Amino acid sequence: MTDRKADPAVDRRDVAWWSDKAVSVLVFLGGISAILFIIGIFVFITREGFGFGEHFKAGEIFGSTRWAPTSDSNPTYGILALVAGTASVTGLAMLIAVPFSLGAAIYIAEFAKGRTREVLKVLVEMLAAIPSVVWGFIGLTIMNPLIIQTFDVPIGLCVLNSGLILGLMAAPIMTTIAEDALKAVPDSYREAAEALGATRWQVTRRVVLPAARQGLLAAVLLGVGRGFGETMAVLMASGHSINLPTSPFDSVRALTATIAAELGETAVGSPHYQALFMLGILLFAVTFLINLAADLIVRGIRKG
Amino acid sequence: MVTATPEIRVQNLSIQYGEKVALAGASFEVMPNEIFGIIGPANSGKTSFLKVLNRMDTFTPGMRFSGTAEVGGRDVRSWRNLYALRRRIGVVFPLPVGLPLSVYDNVAFAPRLAGVRGKAELDAIVERCLRRAALWDEVKDRLKALGSLLSGGQQQRLTIARALSQEPSILLLDEFSIAVDPVTTMRIEDVLKELKQEMTIVLVTNLVQQARRLADRTAFFLMGECVSVSPTEALFTGDADPRARDYVEGRFG
Ligand SMILES: Nc1ncnc2c1ncn2[C@@H]1O[C@H](COP(=O)(O)OP(=O)(O)OP(=O)(O)O)[C@@H](O)[C@H]1O
Ligand SMILES: [Mg+2]
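A quick note: this is a predicted structure, and the numbers were derived from the prediction, not measured.

> Now, about the overall build of chain A: what can you tell me, with residues and values included?
Helix and strand content of chain A: 12 helices and two strands. Listing the helices and strands of chain A from first to last along the sequence gives α-α-β-β-α-α-α-α-α-α-α-α-α-α. A globule of 304 residues ought to have a C-alpha radius of gyration of about 19 Å, yet chain A, at 26 Å, is considerably larger. Summarising its shape, the C-alpha atoms of chain A cover approximately 100 × 55 × 35 Å along the three principal directions. The long-range fraction of contacts in chain A, counting pairs at least 24 apart against all pairs at least 6 apart in sequence, stands at 68%. Charge separation in chain A, taken as the distance between the mean sites of 23 positive and 23 negative side-chain charges, equals 8 Å.

Written as structure tokens, this is what we have:
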């Protein structure tokens, strides 16, 4: 019998042990830095924006549609019109993008075959890569005259225009993510259901969609976030005029576009500057709430 | 021999995946209310054969078959409504695939597709099928729980219950007992003997003795060839094919 005691030379820290340690430190730094950046940005925006406190009149800010920070005699900071602008454009965009992109995702993931599917996937990904300035340009030069002609309205830079543009922008990303969610449903489910005589659509509706609902919800919320935060295309296609929209043909101005257009022209630390940062806080908070809601819904689904 | 119409008839059936031949020129018939065993070593084409019967080949790009394959006297390729063909045929896969639904909904899936809506009627179907699959007593208190939370053997019986829920005229079992304990396997085997009154069963199995216990006739597949089709006992006496006898006696390869 050989000595059954372990040879002490076996227990040493070898290359694999050290590289494991090194990698775990590196990925820890990567993970923690993301958190630090977010906190840093939050602190910065908050500090700049909270200086607005002394001019802060809740009734005026949330109750007035008059956004006139540069007025000498009577500067007002009502954001109602801006919020309505962002909400109407994003809302319309989602109305367009959600059904289209879910439809496209279902087609690509469940119905299309072979080459058609591959070609479509590549095309959708290419669409997703178009820069937002280009979308804005399309809104300005193609959609604008088209809307003026078709609907016989004086101006085509409006909720309809920017909603369409934003919807088209958000759709490819939503499609890609939704398709990933559908693809994550194991094929064995599809085979099992089809073996029971279910048609493609029955399989999709009764098995695949319920199994993928978390991912689909994430896709939709990401689209909402995209629409909400988009700046350039909205700036170019919305008409950028302060308005409480009453029809899709009204020009509006979005929160994001306001910040982008005005921040460069304000003096650092002035009330106007601080008011813009306050808008930033608002955007930040809403995005945060959307994400939080998504997270809670997803958790709720997991439990139930 | 009575001249009934065979429930399944294949004539010179060949199956290919791309260029690779999985089954070459098989010809035999399966009679109504028969338990028809298929045995043979791995990769001999048993599963591929089952896939043709309910046209599961559509899931596998590159899978093709030629020759005749008839179910109920009708070529499987002549069905305009593939789904109707599949509803006639219940399938149990080797590894259980529970749909991501509750135990109840798994079993009620096919009846619902077929348009059954009444709660009482569904309840009755679910209970009957679960009893037949020897699962009812174990799950009757947790019908609303996810099917995937059951044990492996229970899940397999759930898929058997599900296959029965569409009241198929043919039941295809592909190595159903792989994940089931011996006692339960015996219970299911008893159920299969009863089900024989109502349907035709094709039983692919790696357990030679299981074929011997259940199958009226058994085909022996070997490397993509249907070597023999005979009454099951003939395999053991060597009256079928010497290679079949070698296989059932474990003197192989
Ligand atoms: N999806 C597929 N793509 C390519 N070749 C396949 C596919 N499925 C099966 N084959 C091939 O077809 C042949 C027969 O496979 P099949 O699954 O019918 O065998 P089997 O008799 O069921 O084996 P086992 O007892 O291991 O289940 C094998 O050589 C296998 O490699
Ligand atoms: Mg097999």
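> Now, about the side chain of Glu262 of chain A: what can you tell me, with residues and values included?
All names here are of chain A. With respect to the helices and strands, Glu262 occurs in helix H11 (residues 255-262). Within the structure, Glu262 has its side chain in polar contact with the side chain of Trp67 (distance 3.2 Å). In this structure the side chain of Glu262 is engaged in a polar contact, spanning 2.8 Å, whose partner is the side chain of His272. Not counting residues within four places of it along the chain, the set of residues in contact with Glu262 comprises Trp67, Pro69, Arg253, His272 and Leu276.

> Just give me the short version of the sheet that holds strand S9 (residues 217-222) of chain B, but keep the residues and values in it.
Residue and element names in this part refer to chain B. With mixed pairing, the six strands of this open sheet are ordered in space as S6-S7-S8-S3-S9-S10. Single-partner strands in this sheet number two, and they are strand S6 (89-92) and strand S10 (225-231). On average, each strand axis in the sheet is inclined to that of its neighbour by 15°, with strand direction left out of account. Both S9 and S10 contribute to a ladder of six bridges, which runs antiparallel. Among the inter-strand pairings, Phe221 is bridged to a residue of S10, identified as Cys226. On top of the sheet, helix H6 (residues 152-165) reaches S6 and strand S7 (170-174); it is set at about 175° to S6, its chief contact.

> Got a sec to walk through the interface of chain A and chain B? Specific residues and values, please.
Every contact between the two is made by 16 residues of chain A and, on the other side, 21 residues of chain B. When the area that chain A buries against chain B is broken down by residue, the three leading residues are Ala195, Leu196 and Arg206 of chain A, summing to 38%. For the pair chain A and chain B, the number of links is one salt bridge. Across the pair Arg86 of chain B and Glu194 of chain A runs a salt bridge whose closest N-O atoms are separated by 3.0 Å. On the surface where chain A and chain B come into contact, there are two residue pairs in polar contact (both at pLDDT 80 or more). At the level of secondary structure, the elements contributing two or more residues to the side of chain A that touches chain B comprise helix H7 (187-195) and helix H8 (200-211) of chain A. Its residues placed into classes, the side of chain A that touches chain B shows eight nonpolar, four polar and four charged.

> Lay out the site of ligand 1 in plain terms, naming residues and giving numbers.
Residue and element names in this part refer to chain B. Around ligand 1 sit Tyr17, Lys20, Ala22, Ala42, Asn43, Ser44, Gly45, Lys46, Thr47, Ser48, Thr60 and Glu175, and those are all the residues in its vicinity. With respect to ligand 1, the backbone of Ser44 contributes an N or O atom lying 3.1 Å from an oxygen atom. Here an oxygen atom of ligand 1 and a side-chain polar atom of Glu175 are 3.2 Å apart. Relative to its unbound accessible area of 630 Å², ligand 1 is 68% covered by the protein chains. Of all the elements in the fold, those that place two or more residues in the shell around ligand 1 are strand S2 (20-30) and helix H1 (46-53). By residue class, the composition of the shell around ligand 1 is three nonpolar, six polar and three charged.

> Explain the domain arrangement of chain A to me, and be specific about the residues and the numbers.
Residue and element names in this part refer to chain A. According to the domain assignment, chain A consists of domain 1 (8-55) and domain 2 (62-303). For domain 1 versus domain 2, the distance between C-alpha centres works out to 31 Å. Across the boundary between the two partners, domain 1 contributes 11 residues, which contact 10 residues of domain 2. Taking both partners together, domain 1 and domain 2 bury about 980 Å²; carbon and sulfur atoms supply 82% of that area. Of all residues in domain 1, the largest losses of buried area upon contact with domain 2 belong to Ile45, Glu48 and Phe52, amounting jointly to 55% of the total for that side. Summed over the shared surface of domain 1 and domain 2, the result is zero salt bridges. A per-class count over the side of domain 1 that touches domain 2 returns six nonpolar, four polar and one charged.

> Residues and numbers for the packing of aromatic side chains, please.
Considering all chains together, one arrives at 12 aromatic pairs over all chains under this definition. Connected via pairs of aromatic rings, a cluster forms that spans Phe28, Phe36, Phe49 and Phe221 of chain B. Above the ring of Trp17 of chain A, the side-chain terminus of Lys21 of chain A is found at 5.0 Å from the ring centroid. In this structure, Arg212 of chain B packs its charged tip against the face of Phe236 of chain B, placed 3.8 Å from the ring centre.

> Explain H7 of chain A to me, using residue names and the numbers behind them.
Those residues of H7 of chain A that fall on the buried side of the exposure criterion are Tyr189, Arg190, Ala192, Ala193, Glu194 and Ala195 of chain A. Just downstream of H7 of chain A lies Gly197 of chain A, where phi reads positive at about 90°.

> If you had to explain a nonpolar patch on the surface to someone new, which residues and values would you point to?
Residues Val25, Leu26, Phe28, Leu29, Ile32, Ile35, Leu36, Ile39, Phe42 and Val43 of chain A make up a contiguous nonpolar surface patch of roughly 960 Å² in combined accessible area. The topology assignment puts Ile32 of chain A in helix H1 (residues 15-50).

> How would you sum up the sheet that holds S2 of chain B? Please name residues and give values.
Residue and element names in this part refer to chain B. In spatial order, the strands read S2-S1-S4-S5; together these four strands make up an open sheet with antiparallel pairing. Where the open sheet ends on each side, the last strands, each with one partner, are S2 and strand S5 (74-75). Across seven bridges, strand S1 (residues 8-17) lies against S2 in antiparallel orientation. Each bridged residue has a counterpart across the sheet, and for Gln16 the counterpart in S2 is Val21. Contacting S1, S2 and strand S4 (63-71), H1 runs over the sheet at an angle of about 115° to S1.

> Describe in detail the pairing of S9 of chain B, supporting the description with residues and values.
Residue and element names in this part refer to chain B. With five of six residues buried, S9 lies mostly within the body of the structure. Two elements, strand S3 (residues 35-39) and S9, share four bridges in a ladder whose sense is parallel. Bridging from a neighbouring strand, Ile38 pairs with Ala219 of S9. As consecutive antiparallel partners, S9 and S10 are separated by two residues, and within that stretch Met223 has a phi angle of approximately 45°, a positive value.

> I'd like a description of the nonpolar core, backed by residues and values.
Residues and elements named next belong to chain B. Grouped together as the largest cluster of nonpolar side chains are 36 residues, with contacts concentrated most on Leu130, Leu171, Leu173, Phe176, Leu192, Leu195 and Ile201. At the level of secondary structure, the elements contributing two or more residues to this core comprise helix H3 (103-113), helix H4 (119-132), helix H5 (136-139), H6, S7, helix H7 (182-195) and strand S8 (200-204). Dropping the residues within four chain positions of it, Leu130 is found in contact with Val103, Val107, Leu135, Trp136, Val139, Leu143, Leu158 and Ala161. Of all hydrophobic cores here, the second largest spans 33 residues; its members include Ala26, Phe28, Phe49 and Met56.

What counts, and where the lines are drawn
Each residue is numbered by its place in its chain's sequence as written, counting from 1. Note on labels: chains are lettered from A, ligands numbered from 1, in written order. Local features in this predicted model are restricted to residues whose pLDDT is 70 or higher, and side-chain atom pairs enter the listing and the counts only when it is 80 or higher, whereas totals over whole chains, interfaces and linings include all residues. To obtain the side-chain values, all non-hydrogen atoms of the structure were included, while hydrogens and water were left out. Here a strand is any run of E in DSSP of at least two residues, a helix any run of H or I of at least four, and the numbering for each starts at the N terminus. As defined in this context, the radius of gyration uses C-alpha atoms, and a globule is described by 2.2 Å times the residue total to the power 0.38. Only heavy atoms matter for contacts: two residues are in contact if any of them lie within 4.5 Å across the pair. Counted as positive: Lys and Arg. Counted as negative: Asp and Glu, with His and the chain ends omitted from the count. Charge positions come from single atoms, namely NZ of Lys, CZ of Arg, CG of Asp or CD of Glu. Any N or O atom pair separated by 3.5 Å or less is treated as a polar contact, with the protein-specific requirement of one donor-capable and one acceptor-capable atom, and with residues adjacent in sequence counted only for side-chain atom pairs. Whether two strands pair depends on DSSP finding at least two bridges between them. Orientation is described by axes fitted as lines to C-alpha atoms, over the contacting stretch for helices, and by angles from 0 to 180 degrees between their N-to-C directions. Note on terms: buried area is the combined drop in 1.4 Å-probe accessible area of two parts once they are placed together, counting the loss on both. In what follows, salt bridge is the name for a side-chain nitrogen of Lys or Arg lying within 4 Å of a carboxyl oxygen of Asp or Glu. Gly counts as polar in this scheme, as do all residues outside two lists: the nonpolar Ala, Val, Leu, Ile, Met, Phe, Trp, Tyr, Cys and Pro, and the charged Asp, Glu, Lys and Arg. Any residue with a heavy atom positioned within 4 Å of a molecule or strand is treated as near that molecule or strand. With residues, only the protein chains shown are counted as cover, and all accessible areas are computed by Shrake-Rupley using a 1.4 Å probe. Reported domain spans reflect what an automatic or database domain assignment gives. Aromatic pairs are defined between Phe, Tyr and Trp rings, using the six-membered ring for Trp, whenever the two ring centres lie within 6.5 Å; interplanar angles under 30 degrees are classed as stacked, those over 60 as edge-to-face, and all others as tilted. A ring is scored as having a charge over it whenever the NZ atom of a lysine or the CZ atom of an arginine sits within 6 Å of its centre and within 35 degrees of its normal. Partly exposed residues are those whose accessible area sits between 20% and 50% of the maximum for their type, while under 20% is buried and over 50% is exposed, using a 1.4 Å probe and protein chains only. Patch construction takes residues with relative accessible area above 30% that form no salt bridge. Like charges are linked within 9 Å, and nonpolar side chains (Val, Leu, Ile, Met, Phe, Trp, Tyr) are linked within 5 Å. Nonpolar core, defined: a set of buried Ala, Val, Leu, Ile, Met, Phe, Trp, Tyr and Cys residues in which side-chain atoms within 4.5 Å join the residues together.

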